[in-house]
Amino acid sequence: MFNKLSKSYIAFAAVVIIAAGLLALGAGCGSNASGEAEGNGALKASLTGAGATFPYPLYSKWFDVFNKENPGVSINYQSIGSGGGIKQIIAKTVDFGASDAPMKDKELDAAPAELIHIPTVAGAVAIVYNVSDLDTGLKLTSETLARIFLGEITRWDDPALAADNPGVNLPDEDIAVVHRSDGSGTTNIFTDYLSTANADWKTEVGKGKAVDWPVGIGGKGNEGVGGQVGQVDGAIGYVELAYATQNDLSMASLKNKAGKFVDPSVESTSAAMAGSLSNLPDDLRGSIVNADGDNAWPIAGLTYLLIYKNQEDQAKGKALVSFVEWAINNGSSYATDLGYAPLPPELVSKVEAKLKLINYQGQSLAS
């Protein structure tokens, strides 16, 4: 009797154990199936990018916040300049590139597959200077600014500068011009402005990520130019607004297309976007310098992420698209705080349409 009961008990216990195991296995499978790469739909990927220094203060903030909200996604970004970012995305050594200068047709043709330009924010290129007893209040026209960088105006008390700044005591001091030494989207925006606003600059130097500078000393990255200006007495240069603000550099006011002197700011950059949106082409590779509008800052530009339309890794592609969706919709407050202008709603809609084109094996990776 006892033997029969023991056998029955053992058989029953085995059934219970097997059933419990099957339930646990089923629960585990359900958790994996519901996620992208982690449970509950969480993203999981390690992304690498490289390029523009112009948006780096913002991008580093975005990457950090996005990682905290999505612990499975890490983003490593090298701030090496727009030229380097374009080269690396063409070589496919990074998952995304970044550039303030839209890629040229010949650069797009050199890429092994179709690339899409995704604007993230707009920023102002500020004219920064370091002049004794002149911390604030410097005003410049496009003509005077171009002549300084052409090497035609070499001293701070030049009559042209005096005419721009009536009543200001300008020092009898040499001007030290500082420019970028690397391939730079910031340079592209700056030289695009000078080419648009000044005929001599357009014919003698032109625009591009790198140009043959008539005069001056070079600095690598916005950091390098800002550092040189801060250290060299009498220096003048150009950097993204966030670098000027963070390093407490003096910034000049510029006369814009409407004939108004304006300062670089989020508001004047937004005004530049508003005055230029109707001119942006369908691929969004466009310029917003010297825009219409009383309050428009004349040296403003969009900054872009460069992403392959057809992604080879589903998890990476999904994480990248999800990050961009988050950035243009949820990252605007961080952009404003750091001196960048968020995209207006009509441009956000165009970017979201571009994101829907990014796919893995024909399946869109957008939300």
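Residues numbered from 1 in each chain as written. Predicted model: local features only at pLDDT ≥ 70, side-chain atom pairs only at ≥ 80, totals over all residues. Heavy atoms only, no water.

**Concerning the overall build of the chain**
The secondary structure content of the chain amounts to 14 helices and 15 strands. Put simply, the chain has 367 residues, and 51% of those count as buried. For the chain, the computed accessible surface area is about 16400 Å², with 50% contributed by carbon and sulfur atoms. (Helix = DSSP H or I, 4+ residues; strand = E, 2+ residues; numbered from the N terminus. Buried < 20%, exposed > 50% of the residue type's maximum accessible area, 1.4 Å probe, protein only. Areas by Shrake-Rupley, 256 points an atom, 1.4 Å probe, with all protein chains shown as cover.)

**Let's talk about the environment of Lys356**
With respect to the helices and strands, Lys356 occurs in the loop between α14 (345-355) and β14 (359-360). In sequence terms Lys356 and Lys309 are 47 residues apart; their C-alpha atoms lie 9.4 Å from each other. Contact partners of Lys356, with chain neighbours within four places excluded, come to Ser364 and Ala366. (Contact = heavy atoms within 4.5 Å.)

**Describing the side chain of Thr53**
The residue Thr53 is located in the loop between β1 (45-51) and α2 (56-69) in this model. At 3.4 Å, the side chain of Thr53 and the side chain of Arg180 are in polar contact. For Thr53, the contacting residues outside a window of four places in its chain are Ser79, Ile80, Gly81, Arg180, Gly221, Asn222, Glu223 and Tyr243. (Polar contact = N/O pair within 3.5 Å; in protein donor to acceptor, adjacent residues only side chain to side chain.)

**Details of the sheet that holds strand β10 (residues 253-255)**
The strand order across the open sheet built from three strands is β5-β10-β11, with neighbouring strands paired in mixed fashion. Unpaired on one side and paired on the other, β5 (139-140) and β11 (261-262) mark the two borders of the sheet. (Pairing = 2+ DSSP bridges.)

**Some details on the pairing of strand β3 (residues 96-99)**
Going residue by residue along β3, you find Phe96 and Ala98 tucked away on one face and Gly97 and Ser99 tucked away on the opposite face as well. Looking at chain direction, β1 and β3 are connected through three bridges and run parallel. By the bridge assignment, Ala50 is partnered in β3 with Gly97. Here β3 pairs with strand β12 (residues 300-308) via three bridges, running antiparallel. Across the sheet, the residue bridging to Gly97 is Leu306, located in β12.

**Points about the confidence of the model for the chain**
Residues of the chain with pLDDT of at least 70 account for 89%, and the chain-wide mean is 90. Across residues 1-40, confidence stays below pLDDT 50; counting only partners more than four residues off in sequence or on other chains, it has 19 contacts. (pLDDT = per-residue confidence, 0-100.)

**Brief notes about the layout of surface pockets**
Here the largest pocket is characterised by a volume of approximately 280 Å³. Looking at side-chain class alone, the lining of the largest pocket contains seven nonpolar, five polar and six charged residues. Roughly 210 Å³ of internal volume is contained in the second largest pocket. In terms of lining, the second largest pocket is formed by 14 residues, of which the most central are Lys92, Asp95, Tyr308, Gln311 and Glu312. Sort the elements by how many residues they give to the lining of the second largest pocket and helix α12 (residues 314-330) lands first, with three residues. Partitioning the lining of the second largest pocket into residue classes produces six nonpolar, three polar and five charged. (1 Å grid on protein atoms, 1.4 Å probe; cavity = no way out; pocket = protein on both sides within 12 Å on 5 of 7 lines; lining within 4 Å. Points joined across faces, edges and corners; volume = space filled by probe spheres on them. Nonpolar A, V, L, I, M, F, W, Y, C, P; charged D, E, K, R; others polar.)

**A few points about the nonpolar core**
With 100 residues, the main nonpolar core has Ile127, Leu140, Leu145, Ile236, Ile299 and Phe323 as its most contacted residues. Per element, the largest residue contribution to this core is nine residues, and it comes from strand β4 (residues 115-130). When residues no more than four places from it in sequence are discounted, the contact partners of Phe323 are Trp62, Phe63, Phe66, Ile75 and Leu305. Core analysis: the second largest hydrophobic core is formed by ten residues, Ala126, Val128, Val225 and Ala235 among them. (Core = buried A, V, L, I, M, F, W, Y, C linked by side-chain atoms within 4.5 Å.)

**Some details on the pattern of salt bridges**
One pass over the full model with this rule turns up 14 salt bridges. It is possible to trace a salt-bridge network through shared partners that takes in Arg155, Asp157, Asp172 and Asp174. (Salt bridge = Lys/Arg side-chain N within 4 Å of Asp/Glu carboxyl O.)

**Some details on the pairing of strand β2 (residues 73-79)**
The sheet contact formed by β1 and β2 spans seven bridges and is parallel. Within β2, the residue paired with Leu47 across the bridge is Ile75. Where the polypeptide runs from β1 across α2 and back to β2, its parallel neighbour, the crossover connection is right-handed. (Right-handed = clockwise from strand over helix to strand, strands pointing away.)

**Topic: the side chain of Ser99**
In this fold, Ser99 is placed in strand β3. Other than its neighbours up to four places away in sequence, Ser99 contacts Ala52, Ser82, Ile86, Thr303, Tyr304 and Leu306.

**Describing the packing of aromatic side chains**
On inspection of all chains with the given rule, the structure shows 21 aromatic pairs. Ring geometry for Phe190 and Tyr238: centres 4.4 Å apart, planes at 15°, overall stacked. Residue Phe190 is located in helix α7 (residues 185-197), and its partner Tyr238 is located in strand β8 (residues 235-240); the two are separated by 48 residues in the primary sequence. You'll find Phe190 and Tyr238 in the same group, each marked buried. When the ring of Trp201 is compared with that of Trp213, the centres are 6.1 Å apart and the planes differ by 55°; the resulting orientation is tilted. Within this pair, whereas Trp201 is found in helix α8 (residues 199-204), its partner Trp213 is found in the loop between α8 and β7 (217-219), the two being separated by twelve residues in sequence. Classification of Trp201 as buried rests on a relative accessible area of 0%. (Phe/Tyr/Trp six-rings, centres within 6.5 Å; stacked < 30°, edge-to-face > 60°.)

**Section: the packing of α2 against α12**
Two numbers describe how α2 lies on α12: the axes approach to 11 Å, and their chain directions differ by 110°. Put simply, α2 runs roughly perpendicular to α12. Here the hand of the crossing between α2 and α12 comes out right-handed. Contacts between α2 and α12 pair Trp62, Phe63, Val65, Phe66 and Glu69 from the former with Ala319, Ser322, Phe323, Trp326 and Ala327 from the latter. (Axes fitted to C-alpha atoms, helices over the stretch in contact; angles between N-to-C directions. Parallel < 35°, antiparallel > 145°, perpendicular 65-115°, else oblique. Left-handed = near helix turned anticlockwise from the far one by under 90°.)

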